[in-house]
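Notes for the structure review
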Protein chains: 2
Amino acid sequence: MSKELPEWEKAREEFVVQWGSLGTQWGIPRTMAQIHALLMTAPEPMCTDDVMERLEISRGNAHTNLKDLVGWNLVRIITKKGDRKEYFEAEKDVWKIFITISKERKRREIEPAMQLLRDCAARTKEEAVGPGRDFHQQMKDLDEFLSFGVKVADTVISMKHASALQWAMRLLG
Amino acid sequence: MSKELPEWEKAREEFVVQWGSLGTQWGIPRTMAQIHALLMTAPEPMCTDDVMERLEISRGNAHTNLKDLVGWNLVRIITKKGDRKEYFEAEKDVWKIFITISKERKRREIEPAMQLLRDCAARTKEEAVGPGRDFHQQMKDLDEFLSFGVKVADTVISMKHASALQWAMRLLG
DNA sequence: TCACGATTTCACTAAAAACTGAAAATACCG
DNA sequence: CGGTATTTTCAGTTTTTAGTGAAATCGTGA
């Protein structure tokens, strides 16, 4: 006895599976990407058991990845009164998702890199000639570029969707 | 008998190692990130054996990752006359590195995702009500956002560094 | 406080990814 | 051609990461 899914649920199934394998290509755990896809397209918040059943994964796996998504601020926990289970709901607004991911990546990926570049630049600031000087300069160039990129990103992040759109249209126009 | 490295080479060593482990955090193979760091800070082009020796890795590993970097257009092959070895040289200009990575990521990561979103949107375009309609709309929203992002990226990618800077300054100012 | 549903942890296993080393293929030179 | 330096491939191994499932912990209401 297999449940007959409506057409849109079949498309959703496809979306979840493929989003999962796309995820692995950019270094995101398959399950995490799948859960995110599932929740982004969920009409209602889902609980751990819903996710386990739908993706046929263990409780531990579902739990860990749900909590990781909460840690990325891409998913929030909902509690219903009279029910002590936790339900999970993904942010669906595309602009907000973009802002959130940008912030997190900045914090987790860019900032540590900048720290390293600064350390390496500082250690070689006395180098006045030849390869030593070039190395120092390279570290500074990379750092400056990232700093600048972060400033731009911070500006965009602080914008409302509409202002960002308007600004981008000007660039394109 | 261990070779005494100049101070800047010690900093470089640190850079290579740490860039490698940063790399793994954003889904880039450690060795690939290390080789890239090594070449970005190399005074002269290096051959496969140079890289093997410096990073203490096997020939196969060095070879594969060097060629992958060439495939990303982050590294190019240099041949010296009277020497049949291949030498490798990384792009050092930060703006060019940025452009290259943006292009490649667009091609490898964004475009496949957009394809999926379009398929899923197309399969559900008849859905007129309720969750089916919401799903369709979500796919369209994601697709539109990415399309727009790609347009912006294409514009930036086509700019010279100086114009991009000027444009960004206006945003910040 | 006890019982129970829910969450969290974690030792273990499974799967995937990265790396090795040597053999095979290729390119160049006389 | 034949010899040699170099590049490429790939089966096998190691390392890393992801996932399981059951036990431990937590939290709430009776």
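Analysis parameters
- Residues numbered from 1 in each chain as written.
- Chains lettered and ligands numbered in written order.
- Predicted model: local features only at pLDDT ≥ 70, side-chain atom pairs only at ≥ 80, totals over all residues.
- Heavy atoms only, no water.
- Contact = heavy atoms within 4.5 Å.
- Buried area = accessible area lost by both parts, 1.4 Å probe.
- Salt bridge = Lys/Arg side-chain N within 4 Å of Asp/Glu carboxyl O.
- Near = heavy atom within 4 Å.
- Polar contact = N/O pair within 3.5 Å; in protein donor to acceptor, adjacent residues only side chain to side chain.
- Helix = DSSP H or I, 4+ residues; strand = E, 2+ residues; numbered from the N terminus.
- Nonpolar A, V, L, I, M, F, W, Y, C, P; charged D, E, K, R; others polar.
- Domains from an automatic or database assignment.
- Pairing = 2+ DSSP bridges.
- Axes fitted to C-alpha atoms, helices over the stretch in contact; angles between N-to-C directions.
- Left-handed = near helix turned anticlockwise from the far one by under 90°.
- Buried < 20%, exposed > 50% of the residue type's maximum accessible area, 1.4 Å probe, protein only.

1. Some remarks on the interface of chain A and chain B
With 49 residues of chain A in contact, the opposing surface of chain B contributes 50 residues. Of the roughly 4600 Å² buried between chain A and chain B, counting both surfaces, carbon and sulfur atoms make up 79%. At the junction of chain A with chain B, the criterion picks out 2 salt bridges. Residue Glu-7 of chain B is joined to Arg-123 of chain A by a salt bridge in which the shortest nitrogen-to-oxygen separation is 3.7 Å.

2. What to know about the protein's contact with DNA strand C
Taken together, the neighbourhood of DNA strand C is formed by 14 residues, with His-63, Lys-67 and Glu-86 of chain A together with Thr-31 and Ser-58 of chain B sitting nearest. Near the protein, within 4 Å, the atoms of DNA strand C are sugar or phosphate in 65% of cases. In the model, a phosphate oxygen of DNA strand C is placed 3.3 Å from a nitrogen or oxygen of the His-63 of chain A side chain. Here the surface near DNA strand C takes 4 residues from helix α4 (residues 59-71) of chain A, the largest share from any one element. For the surface near DNA strand C, the per-class residue count stands at 2 nonpolar, 6 polar and 6 charged.

3. Re the protein's contact with DNA strand D
Close contacts around DNA strand D come from 15 residues, with Thr-31 and Arg-84 of chain A together with His-63, Lys-67 and Glu-86 of chain B the closest. Taking the atoms of DNA strand D that fall within 4 Å of the protein, sugar and phosphate contribute 64% of them. One of the backbone N or O atoms of Ser-58 of chain A is found 2.8 Å from a phosphate oxygen in DNA strand D. In this structure, Asn-61 of chain A approaches DNA strand D through a side-chain N or O atom, which is 3.1 Å from a phosphate oxygen. Looking at the surface near DNA strand D, the elements that each hand over two or more residues are α4 of chain A together with α4 (59-71) of chain B. Examining the composition of the surface near DNA strand D, we find that 4 residues originate from one element, α4 of chain B, more than from any other. Taken together, the residues of the surface near DNA strand D sort by class into 2 nonpolar, 7 polar and 6 charged.

4. Section: the environment of Pro-43 of chain A
Mapped onto the secondary structure, Pro-43 of chain A falls in the loop between α2 (30-40) and β1 (46-47). Measuring from C-alpha to C-alpha, the distance between Pro-43 of chain A and Pro-29 of chain A comes to 24 Å, with 14 residues separating the pair along the chain. Dropping the residues within four chain positions of it, Pro-43 of chain A is found in contact with Trp-8, Arg-12 and Lys-92 of chain A together with Pro-131 of chain B.

5. A look at the domain arrangement of chain A
All names here are of chain A. For chain A, the assigned domains are domain 1 (7-90) and domain 2 (94-172). When each unit is reduced to the centre of its C-alpha atoms, the spacing between domain 1 and domain 2 is 31 Å. If you look at the interface, domain 1 gives 5 residues, while domain 2 gives 6 residues. At the boundary of domain 1 with domain 2, total buried surface from both sides reaches about 550 Å², with 68% on carbon and sulfur atoms. On the domain 1 side of the interface with domain 2, the three residues burying the most area are Trp-72, Asn-73 and Leu-74, jointly 76% of the side's total.

6. Considering the sheet that holds strand β2 (residues 75-79) of chain A
Sheets are built from strands paired through backbone hydrogen bonds, the pairs being either parallel or antiparallel. All names here are of chain A. If you walk across this open sheet you meet the 3 strands as β1-β3-β2, and the pairing is antiparallel. For this open sheet the edge positions go to β1 and β2, each flanked by a neighbour on one side alone. Bridge count for β1 against strand β3 (residues 86-90) is 2 bridges, and the pairing is antiparallel. Paired with Met-46 across the strands is Phe-88, a residue of β3. On top of the sheet, α2 reaches β1, β2 and β3; it is set at about 85° to β3, its chief contact.

7. Describing the packing of helix α3 (residues 48-55) of chain B against α4 of chain B
All names here are of chain B. Packing of α3 against α4 brings their axes to within 9 Å, and their N-to-C directions diverge by 115°. Both α3 and α4 take part in a crossing whose hand is right-handed. Counted together, Thr-48, Asp-49, Val-51 and Met-52 of α3 and Arg-59, Ala-62, His-63 and Leu-66 of α4 form the full contact between these two elements. Its residues assigned to classes, the contact of α3 with α4 comprises 4 nonpolar, 2 polar and 2 charged.

8. Section: the pattern of salt bridges
Counting across every chain of the model gives 28 salt bridges over all chains. We note a salt bridge from Arg-54 of chain A to Glu-9 of chain A, for which the minimum N-O separation is 2.6 Å. Note that Arg-54 of chain A is positioned in helix α3 (residues 48-55) and Glu-9 of chain A in helix α1 (residues 7-25), a separation of 45 residues in sequence. For Arg-54 of chain A, a relative accessible area of 25% corresponds to the partly exposed category. We classify Glu-9 of chain A as buried; its relative accessible area is 11%. With a shortest N-O distance of 3.4 Å, Glu-13 of chain B and Arg-54 of chain B are connected by a salt bridge. Within this pair, whereas Glu-13 of chain B is found in helix α1 (residues 7-25), its partner Arg-54 of chain B is found in helix α3, the two being separated by 41 residues in sequence. Residue classification places Glu-13 of chain B among the partly exposed positions, given a relative accessible area of 33%. Salt bridges linked by common partners bring Glu-9, Arg-12, Glu-13 and Arg-54 of chain A together as one network.

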